[in-house]
Structures are given as structure tokens and as C-alpha cells.
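What follows is the residue order along each chain.
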Amino acid sequence: MKKLLAVVLTVVLVLSFSVSAFALKSPGGTVYHEVIVNRTNDGASSETAERIVVKENGELELKPVENDQRDFEGWKFFKPNMEAAVEGKDFEIVAVTKKDGSKAVEGTDYEIKNGQVIPKDGAYINVTIKPLADTVYVSEVYKGVKIEFKVPDGTVNSPVTGASLSVVAILFAAVIGGAALMLASRKAVKA
């Protein structure tokens, strides 16, 4: 009876340690995309761009900082290497609206060229985008202002979890279980 009890206890112990090892990886949950937005003051590049995290299938409304000293030339979208972002691959334009909130019409109120939404006659327009890539850079563009991004610090790196810890747990459980089985069988033989 003691022998059987020792074997059952060992099996339960091994299984209890390995439950977490065989569990599915924790789901990634909601996917987020990071957008770096360069807003300007007085037509000059901002001191630090704003890091905005957008939920997957989420949208981000971009409103320009109004400036009477310089002509507004729209919104420019970049990849992290500062090449022009591609609409449909890196981001999607959901809506373009005029300053009063009414819908802007492409061709009449604005045009899209080389990753830039350009308003007609320097009018202020709001652009709502849906990021499709991990990182999209976007900046307001004013006439005569060179775009410079100063990306903020604070990237969060998640520690690696899962596979390596599971293997260690299985090996540990097997060694402990084997030792318990040997000890129990020796005690059973002596009794």
C-alpha cells in the first residue's frame, strides 16, 4: 500500500509541476501600434515628439497646431528610417476633415502625394489614421520648416517568458519525482 501511495504521490507531483510547462503561451492580448507624432510650435520642430500607442483597429485623429506665421502644408508620414510611409502598408487614412469638422474631399480640399496629405490653399485639415505597421512617424509640415524628429525615450521591453522556464520546471519535477519514487520503493522493500 505504501508503495502504491508513493507512486501515486510522485505522479501527482510531476503532473502538478508540468501543468504550467504544457500550458499555452499567454495570449498576446490586444495588439498595439506605436505612432510618433511631431507637433510644432511657432512653425519650428517640437522639442520632443509625442509617443502615442494605438490599439489595433484603433484610429488616431491628428489635429495641427495652428500657426499664423507660416503656411500649413499638411501631414507627412514616415517609416522609422525617415523614408516616406506607404499608405495601405504602413498606415491607412480613415478620414480627412476640414477645420469646421466637415468632410474634406480628395482632389478638391486636399491631395495625397509621397506619403503626405497636402491641403489646398494651406487650409488646416485634420487627418484620422489607422496605423498598420509597428511604428509610424507623422509630422505637421509648415512652409520653410525642416522636419526633425526627437523620439522620446521610454521604450518598454518585456522580459522573455515561457519556453526556457518550462523546460527547467519539467526537468526539476522529473528529478524530484524520481528521487521520491526511489526513496518510497526502498522504504517499501524494508517494510
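What you see is a predicted model; the values in this text were computed from it and never measured.

Q: Please clarify how the pattern of salt bridges should be interpreted in this entry.
A: Once their charged atoms are close, side chains differing in charge can pair, the charge on each being opposite to the other. Tallied over the entire structure, the rule returns two salt bridges. One salt bridge in this structure joins arginine 51 and glutamate 34, with 2.9 Å as the shortest N-O distance. With arginine 51 in strand S2 (residues 50-55) and glutamate 34 in strand S1 (residues 32-38), the pair connects residues that are 17 residues apart, well separated along the chain. Classification of arginine 51 by relative accessible area gives partly exposed; the value is 23%. The salt bridge involving aspartate 109 is made with lysine 98; its shortest N-O contact spans 3.8 Å.

Q: Hey, could you run me through the sheet that holds strand S6 (residues 110-113) in this one?
A: Sheet strands associate in pairs through backbone hydrogen bonding, adopting either a parallel or an antiparallel arrangement. Taken together, six strands build an open sheet; the order of strands is S2-S1-S9-S4-S7-S6 and the sheet is mixed. In this open sheet, the two edge strands, each paired with only one partner strand, are S2 and S6. On average, adjacent strands in this sheet sit at an angle of 20 degrees to one another, irrespective of strand direction. Summarising the sheet, strand S4 (residues 72-78) and strand S7 (residues 116-119) pair through two bridges and their orientation is antiparallel.

Q: So what exactly am I meant to see when it comes to the side chain of glutamine 116 here?
A: Along the chain, glutamine 116 falls in strand S7. At 2.8 Å, the side chain of glutamine 116 forms a polar contact with the backbone oxygen of glutamate 73.

Q: Would you mind going over the confidence of the model for the protein chain with me for this structure?
A: The predicted coordinates ought not to be read in detail in places where the model reports low pLDDT. Averaged over the protein chain, the pLDDT score is 75; the fraction of residues at 70 or greater is 61%. For the stretch residues 155-163, pLDDT sits under 50, and the model shows one contact to residues farther than four places along the chain or on other chains.

Q: Explain the nonpolar core here, please?
A: In globular proteins that are soluble, nonpolar side chains generally tend to be buried together. Residues Leu60, Leu62, Trp75, Phe77, Ile125 and Val127 are the most contacted members of the largest nonpolar core, which totals 25 residues. Among the secondary structure elements, those contributing two or more residues to this core are S1, S2, strand S3 (60-62), S4, strand S5 (91-98), strand S8 (125-131) and strand S9 (135-142). With five residues, the next largest nonpolar core counts Ile36, Ala49, Tyr137 and Phe149 among its residues.

Q: Just to check I follow, could you spell out a negative patch on the surface for this structure?
A: Residues Glu59, Glu87, Glu92, Glu106 and Glu111 make up a contiguous surface patch of negative charge. Considering the arrangement of structural elements, one finds glutamate 111 in strand S6.

Q: Honestly, the side chain of asparagine 38 in this entry has me stumped. Any pointers?
A: For asparagine 38, the position within the fold is in strand S1. Relative accessible area serves as the criterion here: at 1%, asparagine 38 is assigned to the buried category. Only 3.1 Å separates the side chain of asparagine 38 from the side chain of serine 139, close enough to count as a polar contact.

Q: Looking at this structure, how should I read unusual backbone geometry?
A: Apart from glycine, the bulk of residues carry a negative phi angle, and the bulk of peptide bonds sit in the trans form. With a phi close to 70 degrees, methionine 82 is a non-glycine residue in the positive phi region. Here methionine 82 is to be found in the loop between S4 and S5. We classify methionine 82 as partly exposed; its relative accessible area is 35%. The backbone phi angle of aspartate 121 is positive, close to 60 degrees, even though this residue is not glycine. Tracing the chain through its elements places aspartate 121 in the loop between S7 and S8. A relative accessible area of 83% places aspartate 121 in the exposed class.

Q: Teacher, can you tell me more about the sheet that holds S5 here?
A: In spatial order, the strands read S3-S8-S5; together these three strands make up an open sheet with antiparallel pairing. Edge positions in the sheet fall to S3 and S5, since each of these pairs with one other strand and no more. The average angle at which neighbouring strand axes cross in this sheet is 25 degrees, direction not considered. Here S3 runs beside S8; their pairing, made up of three bridges, is antiparallel. Bridge assignment links glutamate 61 to a residue of S8, and that residue is threonine 128.

What counts and how
Residues numbered from 1 in each chain as written. Predicted model: local features only at pLDDT ≥ 70, side-chain atom pairs only at ≥ 80, totals over all residues. Heavy atoms only, no water. Salt bridge = Lys/Arg side-chain N within 4 Å of Asp/Glu carboxyl O. Helix = DSSP H or I, 4+ residues; strand = E, 2+ residues; numbered from the N terminus. Buried < 20%, exposed > 50% of the residue type's maximum accessible area, 1.4 Å probe, protein only. Pairing = 2+ DSSP bridges. Axes fitted to C-alpha atoms, helices over the stretch in contact; angles between N-to-C directions. Polar contact = N/O pair within 3.5 Å; in protein donor to acceptor, adjacent residues only side chain to side chain. pLDDT = per-residue confidence, 0-100. Contact = heavy atoms within 4.5 Å. Core = buried A, V, L, I, M, F, W, Y, C linked by side-chain atoms within 4.5 Å. Patch = residues over 30% accessible without salt bridge, like charges linked within 9 Å, V, L, I, M, F, W, Y side chains within 5 Å. Areas by Shrake-Rupley, 256 points an atom, 1.4 Å probe, with all protein chains shown as cover. Lys, Arg positive; Asp, Glu negative; His and termini not counted. Charge placed at Lys NZ, Arg CZ, Asp CG, Glu CD.

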